[in-house]
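Coordinate analysis (summary)
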Amino acid sequence: MEKYSYSKLTLFESCKYAYFLKYYMNVREKGNSLSDYGRFVHSLLENYYTKKIAKNELVDMYMYEYKAYVKKPIIFNFGENSHKDFSLKYYQKGLEYFKNFVGFDEMGYEIVSAEKKFTVSRNDDYCFEGIIDLILKKNDDYIVVDHKSSNPYNADDLEEKIKQLYIYSEAIKGIYGKYPKNLIYNFFNAQTIKKYEFDNDALIDTMLWADEIVHDIRTTKNENNKFYCFTLCGYKDNCIIGS
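Nothing here was measured: the structure is a model prediction, and the numbers come from that model. The residue numbers shown here count from 1 along each chain, following its written sequence. Only residues with pLDDT of at least 70 are given local features in this predicted model, and only at 80 or more are side-chain atom pairs given and counted; all residues enter the totals for whole chains, interfaces and linings. Hydrogens and waters are ignored; side-chain quantities use all the structure's heavy atoms.

Let's talk about the confidence of the model for the protein
Caution applies to low-pLDDT parts of the model: their predicted coordinates are not meant to be read in detail. In predicted models, pLDDT denotes the confidence assigned by the predictor to each residue on a 0 to 100 scale. When pLDDT is averaged along the protein, the result is 90; 90% of the residues meet or exceed 70. Here residues 222-227 is a poorly scored stretch, pLDDT under 50, and it has twelve contacts once near neighbours within four places are set aside; other chains count. Residue contacts are defined here by distance: any two heavy atoms, one from each residue, within 4.5 Å place the two residues in contact.

Overview of the pattern of salt bridges
Salt bridge criterion: a side-chain nitrogen from Lys or Arg within 4 Å of a carboxyl oxygen from Asp or Glu. Overall, the coordinates contain ten salt bridges when judged by the stated rule. Among the ionic contacts, a cluster of salt bridges with common partners joins Lys-137, Asp-140, Asp-141 and Lys-178.

Considerations on unusual backbone geometry
Generally, phi is negative for residues other than glycine and the peptide bonds are trans, each holding for most cases. The phi torsion at Lys-51 lies on the positive side, around 65 degrees, for a residue other than glycine. In this text, helices come from DSSP runs of H or I with a minimum length of four residues, and strands from runs of E with a minimum of two, each type numbered from the N-terminal end. With respect to the helices, strands and loops of the structure, Lys-51 is situated in the loop between helix 3 (33-49) and helix 4 (58-69). Three labels apply to residues, based on accessible area from a 1.4 Å probe with only protein chains included: buried if under 20% of the type maximum, exposed if over 50%, partly exposed otherwise in between. The exposure class of Lys-51 is exposed, given its relative accessible area of 72%. The phi dihedral of Asn-123 falls on the positive side, at around 55 degrees, and the residue is not glycine.

Observations concerning the side chain of Lys-8
As for its position among the elements, Lys-8 is in helix 1 (residues 6-14). His is not counted, nor are the chain ends, whereas Lys and Arg count as positive and Asp and Glu as negative. The charged side chain of Lys-8 is buried without a salt bridge, its nearest counter-charge being Glu-129 at 6.0 Å. Whenever a nitrogen or oxygen atom comes within 3.5 Å of another N or O atom, the pair is scored as a polar contact, on the condition that within protein one atom can donate a hydrogen and the other can accept it, and that pairs from neighbouring residues in sequence are kept only if both atoms are in side chains. Reaching out from Lys-8, the side chain makes a polar contact with the backbone oxygen of Lys-3 at a distance of 3.0 Å. Setting aside residues up to four positions removed in sequence, Lys-8 forms contacts with Lys-3, Tyr-19 and Tyr-23.

Some remarks on the nonpolar core
Burial of nonpolar side chains together is a common tendency in soluble globular proteins. In plain words, nonpolar cores are sets of buried Ala, Val, Leu, Ile, Met, Phe, Trp, Tyr and Cys residues tied together by side-chain atoms within 4.5 Å. Within the largest apolar cluster, 36 residues are counted, with the highest numbers of intra-cluster contacts made by Leu-9, Phe-118, Phe-128, Ile-132 and Ile-167. Those elements that provide at least two residues to this core are helix 1, helix 2 (16-23), strand 4 (110-122), strand 5 (126-138), strand 6 (141-148), helix 7 (163-176), strand 7 (182-187) and helix 8 (200-219). Not counting chain neighbours up to four residues away, the residues in contact with Leu-9 comprise Tyr-4, Phe-128, Ile-167, Trp-209, Ala-210, Ile-213, Val-214 and Ile-217. In terms of nonpolar packing, the next biggest core, distinct from the first, is built from 30 residues, Val-70, Phe-76, Phe-98 and Ile-184 among them.

A few points about the side chain of Ser-33
Looking at the secondary structure, you find Ser-33 in helix 3. Take Ser-33: its relative accessible area is 8%, and that puts it in the buried class. A polar contact is formed between the side chain of Ser-33 and the backbone oxygen of Pro-73, at a distance of 3.2 Å.

Here we look at the packing of helix 3 against helix 4
Running from N to C, helix 3 and helix 4 point in directions that differ by 145 degrees, and their axes come no closer than 10 Å. Where helix 3 crosses over helix 4, the handedness of that crossing is right-handed. Together, Asp-36, Tyr-37, Phe-40, Val-41, Ser-43, Leu-44 and Tyr-48 of helix 3 and Leu-58, Met-61, Tyr-62, Glu-65, Tyr-66 and Tyr-69 of helix 4 make up the contact between the two elements. Polarity classes work like this: nonpolar for Ala, Val, Leu, Ile, Met, Phe, Trp, Tyr, Cys and Pro, charged for Asp, Glu, Lys and Arg, and polar for all others, with Gly in that last group. Grouping the amino acids of the contact of helix 3 with helix 4 by side-chain chemistry returns ten nonpolar, one polar and two charged. Helix axes are fitted to C-alpha atoms over the stretch in contact, other axes to C-alpha atoms as well, and angles between N-to-C directions run from 0 to 180 degrees. Handedness of a crossing follows from how the near helix is turned relative to the far one, being left-handed for an anticlockwise turn of less than a right angle and right-handed for a clockwise one.

Considerations on the packing of helix 3 against helix 5 (residues 87-99)
The interhelical angle for the contact between helix 3 and helix 5, taken along N-to-C directions, is 10 degrees, at an axis separation of 12 Å. In this view, helix 3 runs roughly parallel relative to helix 5, as classed from their interaxial angle. Where helix 3 abuts helix 5, its residues Leu-34, Tyr-37, Val-41, Leu-44 and Leu-45 lie against Tyr-90, Lys-93, Gly-94, Tyr-97 and Phe-98. Roughly parallel refers to an angle under 35 degrees, roughly antiparallel to one over 145, roughly perpendicular to one between 65 and 115, and oblique to any angle outside these ranges.

Here it is in structure tokens:
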């Protein structure tokens, strides 16, 4: 059965050519420092929530290991002769986050799982797969947490981005037999937590969106976003637009 992650579906939406290169031509994706930074903070949070490191070790681990993970400057490119270096800003924001760190376990939540891998069927037609950053429990209710380096989403962005958490909600239902009560974003750079009530209508909308994208992938019916093309896309060196 075909497997689709949220990132796989949104890659197709962002650039069909990048999708073709990755999933049909097996061209290896080129990473970027922004992604490296996010993975680094994720790894520290995973190690904390799996009790591999203590809270009082987080700051030292962050400072000691930062350059091993984030080896190149974090530069945002918007096109020819349009770029800005955010390296120092990101480093300082991450450092402040861990200096002020308060874990969800300190907020009264039970830690159920960190970096939970899942595969769950969608109408016996295809599967969702992914990794949930953190699963919490409180008063017999499950909560999904996603760690993000970005600023808190505005209303328009939230409508699109929260689809990821509704795909995760399907996994929670498949694993634990019930949907989560809340969906939480941990915007660690902004030191902000945003909590949303689970909404069944939003779940249905997300499933229909995923069905439509899968249909488009299968039938393959190119719009371009400059910031995505020049900064985030791992295939920009293979594309006349990104390069």
